[in-house]
Amino acid sequence: MTSRIDTPAATAATGETADVFAATRKSIGMVPNPYAAVGSLNTSALQAMHK
């Protein structure tokens, strides 16, 4: 099955997205695929998911 959203590896994230992924990894031990997809498209939306 082909993914419709290109989800880069969480370890390849840069800038603010990398910071949010690091916080996610610290709190739950990993970056779930849905978080990686949202974060790659819109960092502010991912931040809102954390609140």
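Structure first, text after, so check above.
The structure displayed is predicted, hence computed values, not measured ones. (Residues numbered from 1 in each chain as written. Predicted model: local features only at pLDDT ≥ 70, side-chain atom pairs only at ≥ 80, totals over all residues. Heavy atoms only, no water.)

*Asks:* Please explain the overall build of the protein as it appears in this structure.
*Replies:* Counting its regular elements, the protein contains three helices and zero strands. Seen in sequence order, the protein has helices and strands lined up from the N terminus as α-α-α. Against the 2.2 N^0.38 benchmark of 10 Å for 51 residues, the protein shows a C-alpha radius of gyration of 10 Å, consistent with a compact globule. In terms of its C-alpha atoms, the protein occupies a principal-axis envelope of roughly 30 × 20 × 20 Å. In the protein, which comprises 51 residues, the share counted as buried stands at 24%. Taking contacts inside the protein between residues at least 6 apart in sequence as the whole, the part at least 24 apart equals 41%. Entry remark: accessible area of the protein is about 3,700 Å², with carbon and sulfur atoms responsible for 55%. (Helix = DSSP H or I, 4+ residues; strand = E, 2+ residues; numbered from the N terminus. Rg over C-alpha atoms; globule rule 2.2 N^0.38 Å. Buried < 20%, exposed > 50% of the residue type's maximum accessible area, 1.4 Å probe, protein only. Contact = heavy atoms within 4.5 Å. Areas by Shrake-Rupley, 256 points an atom, 1.4 Å probe, with all protein chains shown as cover.)

*Asks:* Hey, could you run me through helix α2 (residues 33-41) in this one?
*Replies:* It helps to recall that an α-helix has 3.6 residues per turn; residues three or four apart then point in one direction. Along α2, the residues classified as buried are Ala36, Ala37 and Gly39. Buried positions along α2 lie against α1 (15-28) and α3 (43-50).

*Asks:* Is there a simple way to explain the packing of α1 against α3 in this structure?
*Replies:* One can describe the packing of α1 onto α3 by two numbers: an axis separation of 10 Å at closest approach and a directional angle of 25°. Here α1 is positioned roughly parallel relative to α3, judged by the angle of their axes. Remark: the crossing between α1 and α3 carries left-handed chirality. When α1 is examined against α3, the residues Glu16, Thr17, Val20, Phe21 and Thr24 are found in contact with a partner set consisting of Thr43, Leu46, Gln47 and His50. Of the residues contributing to the contact of α1 with α3, the split by class is three nonpolar, five polar and one charged. (Axes fitted to C-alpha atoms, helices over the stretch in contact; angles between N-to-C directions. Parallel < 35°, antiparallel > 145°, perpendicular 65-115°, else oblique. Left-handed = near helix turned anticlockwise from the far one by under 90°. Nonpolar A, V, L, I, M, F, W, Y, C, P; charged D, E, K, R; others polar.)

*Asks:* Teacher, can you tell me more about the packing of α1 against α2 here?
*Replies:* For any two helices packed against each other, the geometry comes down to the angle between their axes and how far apart the axes lie. In contact at an axis separation of 10 Å, α1 and α2 are set at 160° when each is read in the N-to-C sense. Here α1 lies roughly antiparallel to α2, going by the angle between them. Here the hand of the crossing between α1 and α2 comes out right-handed. Of α2, the residues touching α1 (which contributes Thr17, Phe21 and Thr24) are Tyr35, Ala36 and Gly39. Across the contact of α1 with α2, the residue classes tally to three nonpolar, three polar and no charged.

*Asks:* Even after reading the chapter, I still don't get the side chain of Thr17, so can you show me in this structure?
*Replies:* You can see Thr17 is positioned in helix α1. Judged by relative accessible area, which is 14%, Thr17 ranks as buried. Only 2.5 Å separates the side chain of Thr17 from the side chain of Thr43, close enough to count as a polar contact. (Polar contact = N/O pair within 3.5 Å; in protein donor to acceptor, adjacent residues only side chain to side chain.)

As far as function goes, none of this settles anything; it's purely spatial.
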